[in-house]
Structure formats: structure tokens, C-alpha cells
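Okay, here's what each chain looks like letter by letter:
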Amino acid sequence: MCTPSGNTRMAAHASGARVVGRAIRSSGVHQRVAGGGVQPAEAGADRGGSEEGSVAGVVVGHDQAGEPGGKHRPAPQSLANGAAGIALLHVERARAHHGDWTTVHAWLSAAAGGDLSAGPNAGRYFGAPALAFVTHPAAEHIGKYRRALANLHTATTALTRTRLDHAHARIDRGDRSALAEFALIRGLAGLGAYHLRCDPHQEVTTAVLAYLVRLTEPLPGRTDGLPGWWTDLAPTGRPTPDYPGGHGNFGMAHGIAGPLALLSLALRRGIVVDGHTDAITRICAWLDAWRQDHPAGPWWPRTITPDEVHAEHTRQPGPRQPSWCYGTPGLARAQQLAGLAIGDTERQGTAETAPLSHWDACLLLA
């Protein structure tokens, strides 16, 4: 049997993703979507004072303001920056009987209002994988979304396999990774999180886990002692003079904490591959080596450079913002999951108190 090439798979799942919007919009009550597909129409309530109207206003306002640097623009198919994220909120509210499925449909229709991305910019937080992640819990309760979910799932699975092919080829060459290859936001850790939730016993799920194990191993032909997830690029994903030797990234969203969390979640669910526990242990050992002790509690640097590795000391003077993406809360959650997965109660306990300690450390170092 012939296996489709990466380009063939990309074309096929991009075509499949284009029919998803029609499937969602035809699956129930049609809602008028205003503001370029970001703000839903009335969902049977007074727009001016309704919960739906107030949420939409916040979303549009946030999108217009953008993220730091003004680089993140509103995108309906984005979990972080568009209607898809708000759709997920309303899915969870409806499942808990605190919201209605009409509102869910309005936001899902807004999120799927155009062609969905299944290309290089797609990932857990954007494009077909993001819509698949949102639609999956809705389809469990409302059967009319199952056709749309099937298309989204096919596109996401094909995208995952293409990314895996590229990642293994990169490792075989001994090249350094880009953050977008493995990160939770854009890379294979995020795609793996989708598969672990939606089809945990399928081969594609274990294939992602096996790749993450390989990611933690030293690159073939390298003798510099840097971990397999080290990147030659800056945190922006591009080479810059500020990071001539690249960096090691610790964060949950963009760094190694994301793969650690996924590996730990899978192990706790009994989805195990060769070298699984060893990979978790390697990542934890790296985090332990760079843990900074403070009277108020431990913290970890956001990134480190080769100079800091050689000096065995971080230049970051103290903990920064207590964020999920780069800060102690995200790193603590990943290590809590690791402690639970491998039975390391000391790590679990340290992780569970670290976020509270982080606030005290920030105040003391301010």
C-alpha cells in the first residue's frame, strides 16, 4: 500500500478543512455573525445587557488591543485570539448546564466562518487543530457536530503525521529544533495533547509520545552537552544577535515544560511508549539543575543561553511575571504532573506550593 507523501497529505487535509465551516454552519440554527466573524449575533437575549454581548465586547476589545508588540491580530480560528477560544468557554458552560447550545453554535459558526488553516501555522491554538479541540466536546453532547469533527480530526491527524515526518528527518540530520516543532502552542506537544484527549489509543498518539522521548535524547553527532530540545534560534523563533548560540526554553507554552506535561499525562493514563519514564526523568533533571532557590520558594529562568550553561548560572535576577506560558505556574503544573506520574511525592509537593511562593519571591525582589 502506498503511503501519501507529506505534500499530498497537506493538500488533502487542507481541502478537508475547507468543508468544515459549511458542516458547522449547516448543523443547527443559523446565526448572523457580525464584525468579520468575531462577534456573534443575538442568541435569544438582549444584546446590550446579555452575557453573550458583554463577552463579545471584551473579546473584540482585546483583539483590537492585541498582544505586546501588536503582532497578534484577531483571528476567528484562534483559541488565544479569536472566536474559537470563546466557543470553548461556552461549550464547557453548556456541558455544565450553565449555558445553552445556541450560544455555542453561534461562536462555533463564527470560528469556522472562513477557510481553516491546516498548514505550517496551524497547531493546537490555531486552525483546524484548534477547531477540532473545541468541537470534540461539543460533538460528544450534540450529534450534529460529528460530521464537522470527522473532517477536522482527519485534517489534524494528517497534519500531525506530516510534522512527525519532518521532525524525525531533522533529528536524523543532527539539526537543532525550532520551538514551533515541539511547543504546546504550535508544535507536536499541542497536537499530541489533542490526540491524547480525543483518540488516546490510536497509533498517532503513541507516535507523538515516541517523538517526544526522542526529543529529550542528545542529538546524534553532538558533543556539546546541550539537550535535544535546544534551539539555535531566539525565543521569537528567528536567529538574532542577542542569541548567537540559541537558547534553552523552559516555558509551558513554548518550551520543554509542555512536552513534560504531555508525557506525564499520558503515563498517568497508561499510554506508554519505550523510554517514556526516562524522558520524563531527563527533563526533570534539567529543571532541577536550573531551579533557583529563594527563601520564599523556588523559581526557574525563562530561557538560558550557552554562556549561562557553561557558567552554570542564570543571569536572570529573579522570578518574572507569574504566567502560565513562561512563569512558575506553568512549570509547577508540569512538574506536579510529572511527580504524580512517576511517584515522586517530593517533586509533587514542591510544585504544588511553588506558585504561592512565587508571589512572595516577586514581592521580596521587587
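Rules used in this analysis
- Residues numbered from 1 in each chain as written.
- Predicted model: local features only at pLDDT ≥ 70, side-chain atom pairs only at ≥ 80, totals over all residues.
- Heavy atoms only, no water.
- Phe/Tyr/Trp six-rings, centres within 6.5 Å; stacked < 30°, edge-to-face > 60°.
- Helix = DSSP H or I, 4+ residues; strand = E, 2+ residues; numbered from the N terminus.
- Buried < 20%, exposed > 50% of the residue type's maximum accessible area, 1.4 Å probe, protein only.
- Axes fitted to C-alpha atoms, helices over the stretch in contact; angles between N-to-C directions.
- Parallel < 35°, antiparallel > 145°, perpendicular 65-115°, else oblique.
- Left-handed = near helix turned anticlockwise from the far one by under 90°.
- Contact = heavy atoms within 4.5 Å.
- Nonpolar A, V, L, I, M, F, W, Y, C, P; charged D, E, K, R; others polar.
- Salt bridge = Lys/Arg side-chain N within 4 Å of Asp/Glu carboxyl O.
- Expected span 1.5 Å × (residues − 1).
- pLDDT = per-residue confidence, 0-100.
- Polar contact = N/O pair within 3.5 Å; in protein donor to acceptor, adjacent residues only side chain to side chain.

**A look at the packing of aromatic side chains**
The final tally for this structure, using the stated rule, is three aromatic pairs. On the basis of an interplanar angle of 20° and a centroid distance of 6.2 Å, the ring pair of Phe250 and Trp286 is categorised as stacked. In this pair, Phe250 sits in the loop between strand S3 (248-249) and helix H11 (257-268) while Trp286 sits in helix H12 (residues 276-289), placing the two residues 36 residues apart along the sequence. For Phe250, a relative accessible area of 0% gives the class buried. The interplanar angle of 50° and the centroid separation of 6.2 Å between the aromatic rings of Trp286 and Trp290 together place this pair among those described as tilted.

**Some points on the packing of helix H4 (residues 83-95) against helix H6 (residues 128-141)**
One can describe the packing of H4 onto H6 by two numbers: an axis separation of 9 Å at closest approach and a directional angle of 20°. In terms of orientation, H4 lies roughly parallel with respect to H6. Of the two possible hands of crossing, H4 and H6 adopt the one that is left-handed. For the pair formed by H4 and H6, the contact residues are Ala84, Ala87, Leu88, Val91, Glu92 and Arg95 on the first element and Leu131, Phe133, Val134, Pro137, Ala138, Glu140 and His141 on the second. Residue composition of the contact of H4 with H6, by class: nine nonpolar, one polar and three charged.

**Here we look at the environment of Leu233**
On the secondary structure map, Leu233 appears in the loop between helix H10 (203-215) and S3. Each C-alpha atom of the pair Leu233 and His247 lies 6.8 Å from the other, and the pair is 14 residues apart in sequence. When residues no more than four places from it in sequence are discounted, the contact partners of Leu233 are Ala178, Arg238, Pro239, Gly246 and His247.

**So, the pattern of salt bridges**
The tally for this structure, following the rule as stated, stands at eleven salt bridges. Ionic pairing is found between Arg161 and Glu203, a salt bridge with its closest N-O pair at 2.7 Å. Taken together, the positions of Arg161 in helix H7 (residues 146-173) and Glu203 in helix H10 put the pair 42 residues apart, joining distant regions of the chain. Residue Arg347 is joined to Asp344 by a salt bridge in which the shortest nitrogen-to-oxygen separation is 3.3 Å. By relative accessible area, Arg347 is classed as buried at 13%. Residue classification places Asp344 among the partly exposed positions, given a relative accessible area of 24%. One salt-bridge network, in which partners are shared between bridges, spans Glu92, Arg95 and Glu140.

**Focus: H7**
Counted at 1.5 Å a residue, the expected span for H7 with its 28 residues is 40 Å, and the 40 Å between its end C-alpha atoms agrees. Taken from the residues just after H7, Gly174 is the one with a positive phi, measuring 80°.

**What to know about the confidence of the model for the protein chain**
The share of residues in the protein chain with pLDDT of 70 or more is 77%, and the mean pLDDT across the chain is 81. Mean pLDDT across the elements of the protein chain ranges from a minimum in helix H3 (residues 51-65), with 28, to a maximum in H10, with 98. The low-confidence segment residues 1-19, where pLDDT is below 50, has 24 contacts with residues more than four positions distant or belonging to other chains. Low pLDDT (under 50) marks residues 358-366, which in the prediction has 18 contacts with non-local residues, meaning those over four places away or in another chain.

**Considerations on the side chain of Arg176**
Among the structural elements, Arg176 can be located in the loop between H7 and helix H8 (179-182). Overall, Arg176 belongs to the buried group, its relative accessible area being 9%. In this structure the side chain of Arg176 is engaged in a polar contact, spanning 2.6 Å, whose partner is the side chain of Asp224. Of the polar contacts made by the side chain of Arg176, one reaches the backbone oxygen of Pro227; its length is 3.4 Å. Non-local contacts of Arg176, meaning those with residues more than four positions away in its chain, are made with Arg170, Leu219, Arg222, Asp224, Leu226, Pro227, Trp230, Thr231 and Asp232.

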